[in-house]
Structure formats: structure tokens, C-alpha cells
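Overview (structure and organization)
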Amino acid sequence: STERWHALAELEDWLQTPMLVLSFVWLVLVVYELAVGSTRALETFGTVIWGVFLLEFLLRLALAPDRPRFLRTNWLTVIALAVPALRMLRVLRA
């Protein structure tokens, strides 16, 4: 269990800078879409970024030895990942 917490901490340290940069890119993309408007390419790029965020979260969840605790401490991330997923489901339904 201690080894998994250690592996999780190392992964989070390793991914911190790339995910921060990706978050900034995503923020710029959202601001651009709000100011100028959305295109299919921007929507696709935003979906790819969301997919990377989702994969990173699922990898950290898989490494977490205490998943309920991990989810409790990362509840805001769960919400942030769920909202775009719900939006995509609504688009697919239409």
C-alpha cells in the first residue's frame, strides 16, 4: 500500500508540469472560443485535451491504493471531468 502511494506521488510529480501547461492551453482555447466562436477543429482539440485529462485521472485512480479516499480528495476533478462528458452525451443524443 505504501509503495502504491509512493508511485502515485511520483506520477503526480512527473505529470504536474505537463498537465499545468495543458490546462493553460485549454483555458486559452475556451477563452478564444467564447470571444471568437467555435469551430469543429477547436471542438475536436478541446475534446482531445479533455481525453488526456480523463486518462491522467484514471491512471492516478488505478494507482491509488484507497480509491474511495482518492475520489473524496479529488471530488472537484471528478466534477470537472464529468461536466464535459455530459455535454458530449447531449450532443450525441441530438
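Residues numbered from 1 in each chain as written. Predicted model: local features only at pLDDT ≥ 70, side-chain atom pairs only at ≥ 80, totals over all residues. Heavy atoms only, no water.

Some words on the packing of aromatic side chains
How two aromatic rings sit relative to each other is given by the distance of their centres and the angle of their planes. Stated formally: Think of it this way: a Phe, Tyr or Trp ring, Trp meaning its six-membered ring, pairs with another when their centres are within 6.5 Å, and the plane angle makes it stacked under 30 degrees, edge-to-face over 60, tilted otherwise. Secondary structure elements are taken from DSSP: a helix is a run of H or I of four residues or more, a strand is a run of E of two residues or more, and numbering for both begins at the N terminus. Relative accessibility thresholds used throughout: buried, under 20% of the residue-type maximum; exposed, over 50%; partly exposed, between the two (1.4 Å probe, protein chains only). Cation placement over rings: the criterion is NZ of Lys or CZ of Arg within 6 Å of the ring centroid and within 35° of the ring normal.
Overall, the coordinates contain one aromatic pair when judged by the stated rule. A centroid spacing of 5.5 Å and a plane angle of 40 degrees characterise the contact between F57 and F70, whose relative ring orientation is tilted. Residue F57 is located in helix 2 (residues 40–63), and its partner F70 is located in helix 3 (residues 67–73); the two are separated by 13 residues in the primary sequence. What makes F70 buried here is its relative accessible area of 2%. Of note, R69 hangs over the ring of W5, and the distance from its end group to the ring centre comes to 4.8 Å.

With respect to the pattern of salt bridges
Definition in use: Whenever Lys or Arg places a side-chain nitrogen within 4 Å of a carboxyl oxygen from Asp or Glu, that contact is recorded as a salt bridge.
Under the criterion given, the structure shown has three salt bridges. Note that E43 and R40 form a salt bridge whose closest N and O atoms lie 3.7 Å from each other. Residue E43 and its partner R40 are both found in helix 2; the two are separated by three residues, about one turn of the helix. By relative accessible area, E43 is classed as partly exposed at 33%.

A short note on the environment of A82
Its location among the elements puts A82 in helix 4 (residues 75–93). The partly exposed category is assigned to A82, whose relative accessible area is 33%. C-alpha separation for the pair A82 and R40, spaced 42 residues apart in sequence, amounts to 21 Å.

A short note on the packing of helix 1 (residues 2–36) against helix 2
Stated precisely, the cut-off is as follows: Think of each axis as a best-fit line through the C-alpha atoms, taken over the contacting stretch in the case of a helix, with angles from 0 to 180 degrees between the N-to-C directions. An angle below 35 degrees is treated as roughly parallel, one above 145 as roughly antiparallel, one from 65 to 115 as roughly perpendicular, and anything else as oblique. In this scheme the handedness of a crossing depends on how the near helix is turned from the far one: anticlockwise by less than a right angle means left-handed, clockwise means right-handed. Gly falls in the polar group here, along with every residue not listed as nonpolar (Ala, Val, Leu, Ile, Met, Phe, Trp, Tyr, Cys, Pro) or charged (Asp, Glu, Lys, Arg).
For the pair helix 1 and helix 2, the least separation of the axes is 10 Å and the interaxial angle reads 165 degrees. If you check the angle between helix 1 and helix 2, you find them roughly antiparallel. Handedness of the crossing formed by helix 1 with helix 2: left-handed. In terms of residue class, the contact of helix 1 with helix 2 is made up of 18 nonpolar, two polar and six charged.

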